[in-house]
Amino acid sequence: MSQFTTGFAGAADKQGLIDLQDSVGGGYATSEDFDHWRLDHPGGEVTVPVVRTREGSLAGAVWIFPMQISAGEETFNVRQVANLHVDPRYRDTFAYVALTRHLGRTLKRSTPLHFSLPSVQIFERQQESDSAAVARAPWLLKVFDSKGLAQHLAHGEGLPPIGATTLLAALQRRTQGRSTRPLSPSVSVELVREFGDRFDAFWATARLGRSVAMIRDRAYLEWRFSGLRLKSYEMFVANIAGDMAGYLVLRKMTESPVAYVMDFLVADGPHSAAAAAALLGAAEDECRAHHICALSTSIAPASREASLLAASGFSLNPLRHIDRFGSLWPSPLRYAVSTHDGDAISAATHRAANWYVSLAHHETL
């Protein structure tokens, strides 16, 4: 008889799932945050396959989120897989294999395609079998206070003053010549506290010209960025002649010298560069006001927004080649698409590089 059984989480498993998340270093600030992630998703039910011990306690779980994507003019219902965790006590057992097999069976029955953030080992295996199904999103960085960032990093590493001086010199060499944002009186930026109906109208325009993108309508953005106690975000909106031209979601973290652009979307058109520059400029001003030294993000490299970030001074992390500090910055983020029924979905979705992915889709849910 197997040591483990598989099934799906129910209402009685809420505390067990919270405890499991805590055991692997995740965690929710409150049970209300947990309920928000699971019960308030605009796409419907969030399914949680689980593996249990013979005694019935949770040994592992993985979340399957509904996801809507647009491909050309069509919309498809697919799934995103996230938060796959096995209790540390059972990592050297059959629990992981049982859970992933259960997950695979569930996905094949329920969706033509799923999006995931695979581990290095799984990513490499998928890359060998189908290189088009995987892609990387590099970390981009814009440093606007190199002295402050160098001092913060040197202090964290316990370096002597000469170490901070060396790091500062490296930062200045690698960030010199960065562009500054152009002034455009036609663009106004506002900080908003909620997502209104105009976000639906904006998405209907912003989706045009993209091969594949997760739908970012009002309902999704409210679920993803509002109503949480564990994490807080700031939303900036760019307007041109009264019409919404783009938005940016910023996350500042306590005592961190770096803030993160979680999501960034600009409609295509003659004013897209001005809208992008205004949004990124507003985010930078907010960071400077709170003594934050840099902005960072991860975004699909072939996207329109990646080019706009580069034009505003973002580049591949300038510290990634400094051996002493390489561990301070994540490696490129990995994502993958797995197709279960190719005839039921657009062929463009099969290629991961076609997807517009931002940091919002990588952050642990």
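Before reading on, note that the structure itself is shown above.
Residues numbered from 1 in each chain as written. Predicted model: local features only at pLDDT ≥ 70, side-chain atom pairs only at ≥ 80, totals over all residues. Heavy atoms only, no water.

Within this structure, the stated rule accounts for 13 aromatic pairs. With a centroid separation of 5.6 Å and an interplanar angle of 20°, the aromatic rings of Phe115 and Trp355 are classed as stacked. Highlighted residues: Phe115 in strand β5 (residues 113-116) and Trp355 in strand β16 (residues 355-356), separated in sequence by 240 residues. By relative accessible area, which is 0% here, Phe115 ends up buried. (Phe/Tyr/Trp six-rings, centres within 6.5 Å; stacked < 30°, edge-to-face > 60°. Helix = DSSP H or I, 4+ residues; strand = E, 2+ residues; numbered from the N terminus. Buried < 20%, exposed > 50% of the residue type's maximum accessible area, 1.4 Å probe, protein only.)

Within the fold, Asp13 resides in the loop between β1 (4-8) and α1 (14-23). Overall, Asp13 belongs to the buried group, its relative accessible area being 12%. If sequence neighbours within four positions are ignored, Asp13 has contacts with Phe8, Arg52 and Leu58. (Contact = heavy atoms within 4.5 Å.)

To continue, consider helix α7 (residues 198-206). Working note: α-helix, 3.6 residues per turn, so residues spaced by three or four point in the same direction. Listed as buried for α7 are Phe199, Phe202, Trp203 and Ala206. End-on, the buried residues of α7 take up no more than an arc of 100°, which puts them together on one face. (Arc of directions from axis to C-beta.)

Time to look at the nonpolar core. Counting 97 residues, the largest nonpolar core has Ile69, Tyr247, Leu248, Phe264, Leu295, Tyr335 and Trp355 as its most contacted members. Examining the composition of this core, we find that nine residues originate from one element, helix α9 (residues 272-289), more than from any other. Judged by nonpolar contacts, the second largest core, of 13 residues, contains Val51, Tyr90, Ala95 and Ala98. (Core = buried A, V, L, I, M, F, W, Y, C linked by side-chain atoms within 4.5 Å.)

Here we come to the pattern of salt bridges. The tally for this structure, following the rule as stated, stands at 12 salt bridges. The salt bridge involving Glu284 is made with Lys142; its shortest N-O contact spans 3.1 Å. Taken together, the positions of Glu284 in helix α9 and Lys142 in strand β7 (residues 139-143) put the pair 142 residues apart, joining distant regions of the chain. With respect to class, Glu284 is no different from Lys142; both count as buried. Of the charged contacts in the structure, one is a salt bridge between Asp263 and Arg216, with a shortest N-O distance of 3.0 Å. (Salt bridge = Lys/Arg side-chain N within 4 Å of Asp/Glu carboxyl O.)

Of the two faces of β5, both are covered, the one formed by Leu113 and Phe115 as well as the one formed by His114 and Ser116. Direction of pairing for strand β4 (residues 74-86) relative to β5: parallel, over a ladder of three bridges. Pairing of Val81 across the sheet is with Ser116, part of β5. Between β4 and its parallel partner β5, the chain crosses via helix α3 (residues 95-110), and the hand of that crossover is right-handed. Across four bridges, β5 lies against strand β15 (residues 333-339) in antiparallel orientation. Bridge pairing in β15 links Phe115 to Val337. (Pairing = 2+ DSSP bridges. Right-handed = clockwise from strand over helix to strand, strands pointing away.)

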